[in-house]
Number of protein chains: 4
Amino acid sequence: MKAARLYEYDPHLKVQLRIEDVPEPRITAPNEVIVRVGAAGLCRTDLHIIEGVWRSILDPDGKLLPYIPGHENAGWVEEVGSAVTSVKPGDAVICHPLRTCGVCLACRQGEDMYCERGVFPGLNADGGFAEYLLTNERALVKLPEGVVPADVAPLADAGLTAYRAAKRAAKLLPPGTFCVIIGVGGLGHIALQVLRALSSARIIAVDISEAARQLARDLGADEVLAGGPDLVAEVRERTKGGAHVVLDFVGEAGVEQQGWQMLRRGGTHIIIGYGGKLEVPTVQMIFGEMTLTGSLVGNYMELVELMDLNARGLVKVYAQRYRLDQINQAIDDFKNRRYIGRAVILL
Amino acid sequence: MKAARLYEYDPHLKVQLRIEDVPEPRITAPNEVIVRVGAAGLCRTDLHIIEGVWRSILDPDGKLLPYIPGHENAGWVEEVGSAVTSVKPGDAVICHPLRTCGVCLACRQGEDMYCERGVFPGLNADGGFAEYLLTNERALVKLPEGVVPADVAPLADAGLTAYRAAKRAAKLLPPGTFCVIIGVGGLGHIALQVLRALSSARIIAVDISEAARQLARDLGADEVLAGGPDLVAEVRERTKGGAHVVLDFVGEAGVEQQGWQMLRRGGTHIIIGYGGKLEVPTVQMIFGEMTLTGSLVGNYMELVELMDLNARGLVKVYAQRYRLDQINQAIDDFKNRRYIGRAVILL
Amino acid sequence: MKAARLYEYDPHLKVQLRIEDVPEPRITAPNEVIVRVGAAGLCRTDLHIIEGVWRSILDPDGKLLPYIPGHENAGWVEEVGSAVTSVKPGDAVICHPLRTCGVCLACRQGEDMYCERGVFPGLNADGGFAEYLLTNERALVKLPEGVVPADVAPLADAGLTAYRAAKRAAKLLPPGTFCVIIGVGGLGHIALQVLRALSSARIIAVDISEAARQLARDLGADEVLAGGPDLVAEVRERTKGGAHVVLDFVGEAGVEQQGWQMLRRGGTHIIIGYGGKLEVPTVQMIFGEMTLTGSLVGNYMELVELMDLNARGLVKVYAQRYRLDQINQAIDDFKNRRYIGRAVILL
Amino acid sequence: MKAARLYEYDPHLKVQLRIEDVPEPRITAPNEVIVRVGAAGLCRTDLHIIEGVWRSILDPDGKLLPYIPGHENAGWVEEVGSAVTSVKPGDAVICHPLRTCGVCLACRQGEDMYCERGVFPGLNADGGFAEYLLTNERALVKLPEGVVPADVAPLADAGLTAYRAAKRAAKLLPPGTFCVIIGVGGLGHIALQVLRALSSARIIAVDISEAARQLARDLGADEVLAGGPDLVAEVRERTKGGAHVVLDFVGEAGVEQQGWQMLRRGGTHIIIGYGGKLEVPTVQMIFGEMTLTGSLVGNYMELVELMDLNARGLVKVYAQRYRLDQINQAIDDFKNRRYIGRAVILL
């Protein structure tokens, strides 16, 4: 089958994925499923993987390469293992990023991301920048009639990550409260729509790009700001004392320090972007009774819920499309911010 | 009346409170109450006030001194304002630290500490190191028959602060989970008892003092540790992967950095002690899905609940007693760790 | 001042309120407030009061009459007691139905409806079908610039009751779930809008009146049904196994038995309407793991939140307007279902 | 293997189970497990099954008999299917009552009892009154070192059912609240211990048997009552206004009506016992803002948590032991209340 593979890490992102013919994956356990990939989203984490940022965690023995990235996948069931009952060949599906065991305590509590035996195709196993993908039954959510893989693939990871964080925010946001969304990119523009669907909080969206701010306005943000050194003061003024929740999709470049500084007492800073470092005096944690909390992708039920919002037209992905043989162009465009929303590779 | 007053700040804590005769407080509003103080706890915050740590916040105009510290008070109602209906002269009471308005949105939600018009006797107004204290009706919790102010005064602030944090911890600690309590002093020894009463989590208590560790054992800690550079590794091993919750009553001297490092995925670091600084890479916030959160004193209902635990014999204060004229000795003993538990000034 | 007073109970509702001149209320306590009434909603409970249904509870000694009904009030502050700080004469306000003490444990927890010393103007004291109303500071929510009492008065009770129930429902309704609203009248049409604002659940609205069903469609119900003996089967089919939550604004005439029968396992039947009787075999409670729960008006914070939804244009009252001297006509129209939504008496 | 089988239903419970030799169960799917039964608890539901109460639900086609009851099982793993990884032959285990699929939405949320494809050995398939039992990997909780099946078997169902209800109660019971436990039998005596471990609520235990009341006292009930027509009044007086939570393990004989009548406003009646019928005027649901809710067995995580309480010595089963060939005697003793706590059949 055709696939895009990574052969070496490069901190400067100059290396290219190679489009080549590789053997198709095969089923070896009763609960496994082969999915014919329809579309696969391109994620900032893919860039970090190429840069070697994750090398020590995902590839400690140096045996991963060459491998196929792509952890944001949707397509059609091609073949199922002997114990699979809930899907059949031909079903259109979106893939939860993790193949989970269903037996460990984390799985029993519904927290798929904590599965003790989880495999993450596209991170530590071959992923979806290829015609076929090996996953398992527990990873699959069936698409409703009329929903096409190309329209929803980025919901598998970008969307799911945004959903988990935004759902958690919504629970803290009764009418009359303020939520700041920092970064209206591939994740942030989904979070904004989720928050609109699940709460009536006032939303202040922040992005340095005017195109992203325009998207935020179109999606229903109450206010948009451009960020910068005055951001904390601006938010404090517009929220009359500070935000109740901050959703931080940047998490670096000093933005992570602005997040908690713009909270009101008892507020919550949810961190989804990464790269920077929080530095908070404990006395401020206490006086502000602040909560700082990380959010990691999402569980299966959250993906089911997100797909329902999509089916009802409440959450849409804004994406730029590329063919598999254009994947290196897509990476370059991402690096240079030549599109807003998300990039999707069509197979 | 007799009172201990502070006349100047001193970073080296060499200054003494002056025991002197001052005019008694007077009622000027219909909901105010005069309490004859029975006992007042001595708090690390009192030392910080004397050192001038709070000067810019509590005394920005430099007009506070001379004033009477003491924010952890219990006694008997002496006189009530015209609108007071729930207490009468002679009632034994413990005082919530804040005089709140009952009208602002914070008060309407039961979050007394966030009251927009709150006054904090002993911090920004005359406190309880005196024969009489001015507070208001909403601050008072009646003591049950047979409970004496001298036995419970430290529950007003040290106890309440420990209770709010430990109650929050208990909600995160179903059977089979682990909680680490760092610091078994005036607050930590109460938190340990509260956790015992409200959960069946395994408790690992940490303190550098053997006397405090012995107290922790006596109060039912499952394990005790002495802290130090290996603490994170020790906790990770004994909890088979990390603590579910850490209650940090130290919050400085590097301990604040150990707290979140000993969490398992999805764990919560509750910060009550202060002085240090958290420094956490955002990528670790996300991978660990950690929550770092501050806790500030507690609300009125929490004080009511704590007093019920005390009435049932489930939470007791371990305290060293001093007369008002020994208050400078008490401060010196505290500074030099000459007692465990709490010091109480008897009036 | 002009007021409408009730002089005798009449189970057949043939008695008329008398429009007459009565003395204005006077302030006798420091936290009291006189409100010049702008508008007062007419509630089914007013009809029940006239019928004598509440006689034994509200008027056990037979001393209440003659009195002024009207418990759903908005207007302008006319005069304030000496301790009042948060409002001043001229402020436009909506009145929480209860005058609460702010000191009892219920008030301290924010549950105003459970106040031990609560007074309910329009039920057990003179109400708002009059030019002036006596209430207290804790009952008042200021209206934002541009909001007029006549447009919002029914939010004080009908709206608040619908809000509390619908907010509770929304917490049980993640994306993909179904909620049935039975009865799209004065309360139900608000609940529908609240649910739209706070969740993305699929809403099935049920009403025997086509005009009410049309209003439900206009307000965004996903489906509307006319009720009747097949309702349970219809809901079970359309929800593929039963509703997750039922909001029952009827509570009588057999509808209260349909509510829990249309739930799926683990579902919740929230009862707001009254008059009938639940009869449920315990074995069905257990097999269905059903929850049946009553909802009573709402607390102050809930009114604040609802007013924010109104200010943002997310919740509007559909009302028919009458002058005070038309109040008996309004009662007659209500009895004979001559309007949809709510009736408002303008002062 | 030796097994006790039911050959016919008998409303008068005069029929006997037949002890006979039957073929051992065999593994036919990769996730199945054969357990050598060590002990199996006897449950009131077993009596109801024999009486034919469940006939229409469990045996609609009349093809179930002869079959082996026994749904409360613990023992040792004998053989595992090819996909099983978390247990191995020889492991001591307790069996969650349901064999679940791990794929349906209920399983994904951790609510095992709602599994769409669940099989319930001892109810609708051969159970544990036999030397060997067929179940699957997801049903098994490993016993800690030193814990013996005979000591814990009743925790699998009686204990689990009590735990789920009591854990839910504990969340509603901060210090200072009252919980009534009606029925201190096989389930109630576990619930009492769970509540002691997870809360500090005041517990009023009710049972018509003096032996059961004595057990309640020994296990730490604050008060014990004998029940009867004055129970509601007695509870209202001792709780100063009504219980916050009632755990009803009887659910019939009029007790189900007493449960909700002894609640205070906002209280919760949790129904675990069955047979009777709730009859509640909707007006009382609303005025009391009562919650009536059923509880059904429990999920896998709840069983894990309960086993931890047992391992820590916080929850013990009080049981009478019988050999398999004495099972009909055990049934007769149960019927005639000749023991307190639970009966366990040793294999």
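Quantities reported herein were computed from a predicted structural model and do not represent experimental measurements.

Novice: Help me out: how do you make sense of the relation of the copies chain A and chain C in this one?
Specialist: Between the two copies of the chain lies a relationship made up of a rotation around an axis and a movement along it. Overlaying chain A on chain C yields an RMSD of 0.1 Å, the required transformation being a rotation through 180° with an accompanying axial translation of 0.0 Å. Here the two chains are linked by the operation of a two-fold rotation axis. Taking C-alpha positions as reference, the residue of chain A nearest the rotation axis is Leu198(A), located at 2.7 Å. Both copies contact each other with a shared surface, as 100% of the interface residues of chain A are interface residues in chain C too.

Novice: Teacher, can you tell me more about the side chain of Gln258(B) here?
Specialist: For Gln258(B), the location among the structural elements is in helix 9 (residues 255-261). Residues contacting Gln258(B), with those up to four places away along its chain left out, are Gly228(B), Pro229(B), Leu231(B) and Val232(B).

Novice: Before we go on, may I ask you to explain the packing of helix 1 (residues 44-51) of chain B against helix 12 (residues 327-335) of chain B in this structure?
Specialist: Helix-helix packing is described using two parameters, namely the angle between the two axes and the distance between the axes. Residues and elements named next belong to chain B. Where helix 1 meets helix 12, the closest approach of the two axes is 11 Å, and the angle between their N-to-C directions is 100°. On the basis of their axis angle, the class for helix 1 and helix 12 is roughly perpendicular. Contacts between helix 1 and helix 12 involve Arg-44, Leu-47 and Ile-50 from the first element and Ile-331, Phe-334 and Lys-335 from the second. Of the residues in the contact of helix 1 with helix 12, the class split is 4 nonpolar, no polar and 2 charged.

Novice: I keep staring at the interface of chain D and chain C and nothing clicks. Help me out?
Specialist: Interfaces are often sized by the accessible area lost when the parts come together. Contact residues are listed per partner, giving 34 residues for chain D and 35 residues for chain C. Interface of chain D and chain C: buried area, both sides summed, is about 2900 Å²; carbon and sulfur atoms make up 60% of it. Looking at the side of chain D facing chain C, the largest losses of area belong to Thr282(D), Ile286(D) and Glu289(D), adding up to 23% of the total buried there. Summed over the shared surface of chain D and chain C, the result is 4 salt bridges. A salt bridge links Glu289(D) to Arg164(C); its shortest N-O distance comes to 2.8 Å. Joining chain D to chain C, the criterion identifies 24 residue pairs in polar contact (both at pLDDT 80 or more). Elements represented by at least two residues in the side of chain D that touches chain C include exactly helix 5 (158-171), strand 12 (263-271), strand 13 (277-281), helix 10 (282-287) and strand 14 (291-294) of chain D. Of the residues assigned to the side of chain D that touches chain C, the class counts are 17 nonpolar, 10 polar and 7 charged.

Novice: In this structure, what is going on with the environment of Leu64(C)? I would like to understand it.
Specialist: All names here are of chain C. On the secondary structure map, Leu-64 appears in the loop between helix 2 (55-58) and strand 4 (73-80). Under the relative-accessibility criterion, Leu-64 is labelled buried at 17%. Sequence-wise, Leu-64 and Leu-17 are 47 residues apart; in three dimensions their C-alpha atoms are separated by 14 Å. Excluding residues within four positions of it along the chain, Leu-64 makes contact with Tyr-9, Leu-58, Asp-59, Leu-123, Asn-124 and Ala-125.

Novice: What should I look at first to understand the environment of Glu51(D) in this one?
Specialist: Residue and element names in this part refer to chain D. Structurally, Glu-51 is set in helix 1 (residues 44-51). Classification of Glu-51 by relative accessible area gives partly exposed; the value is 22%. Distance from Glu-51 to Gly-313, taken between C-alpha atoms, is 36 Å for residues 262 residues apart in sequence. Leave out the neighbours within four places in its chain, and Glu-51 touches Tyr-9, Asp-10, Pro-11 and Leu-13. Side-chain polar atoms of Glu-51 contact the side chain of His-48, separated by 3.1 Å.

Novice: Before we go on, may I ask you to explain the sheet that holds strand 14 of chain D in this structure?
Specialist: By way of backbone hydrogen bonds, the strands of a sheet pair with one another, either parallel or antiparallel. Spatially, 12 strands are ordered 10(C)-9(C)-8(C)-11(C)-12(C)-14(C)-14(D)-12(D)-11(D)-8(D)-9(D)-10(D) in an open sheet, and the strand pairing comes out mixed. Only two strands of the sheet have a single neighbouring strand rather than two, namely strand 10 (223-225) of chain C together with strand 10 (223-225) of chain D. Geometrically, the sheet is characterised by an average inter-axis angle of 15° between neighbouring strands, direction not taken into account. Pairing geometry for strand 12 of chain D and strand 14 of chain D, over 4 bridges, is parallel. Residue pairing for strand 14 of chain D: Ile271(D) is matched across the bridge by Gly294(D). Sitting on the sheet, helix 8 (residues 231-238) of chain C touches strand 8 (178-182), strand 9 (202-206), strand 10, strand 11 (243-248) and strand 12 (263-271) of chain C, and the angle it makes with strand 10 of chain C is about 165°.

Novice: Would you explain the confidence of the model for chain A in this entry?
Specialist: Caution applies to low-pLDDT parts of the model: their predicted coordinates are not meant to be read in detail. For chain A, the average pLDDT comes to 96, and 100% of its residues sit at 70 or higher. Here the predicted complex scores 0.97 on pTM and 0.95 on ipTM.

Conventions used here
- Residues numbered from 1 in each chain as written.
- Chains lettered and ligands numbered in written order.
- Predicted model: local features only at pLDDT ≥ 70, side-chain atom pairs only at ≥ 80, totals over all residues.
- Heavy atoms only, no water.
- Least-squares fit on C-alpha atoms with pLDDT ≥ 70 in both.
- Contact = heavy atoms within 4.5 Å.
- Helix = DSSP H or I, 4+ residues; strand = E, 2+ residues; numbered from the N terminus.
- Axes fitted to C-alpha atoms, helices over the stretch in contact; angles between N-to-C directions.
- Parallel < 35°, antiparallel > 145°, perpendicular 65-115°, else oblique.
- Nonpolar A, V, L, I, M, F, W, Y, C, P; charged D, E, K, R; others polar.
- Buried area = accessible area lost by both parts, 1.4 Å probe.
- Salt bridge = Lys/Arg side-chain N within 4 Å of Asp/Glu carboxyl O.
- Polar contact = N/O pair within 3.5 Å; in protein donor to acceptor, adjacent residues only side chain to side chain.
- Buried < 20%, exposed > 50% of the residue type's maximum accessible area, 1.4 Å probe, protein only.
- Pairing = 2+ DSSP bridges.
- pLDDT = per-residue confidence, 0-100.

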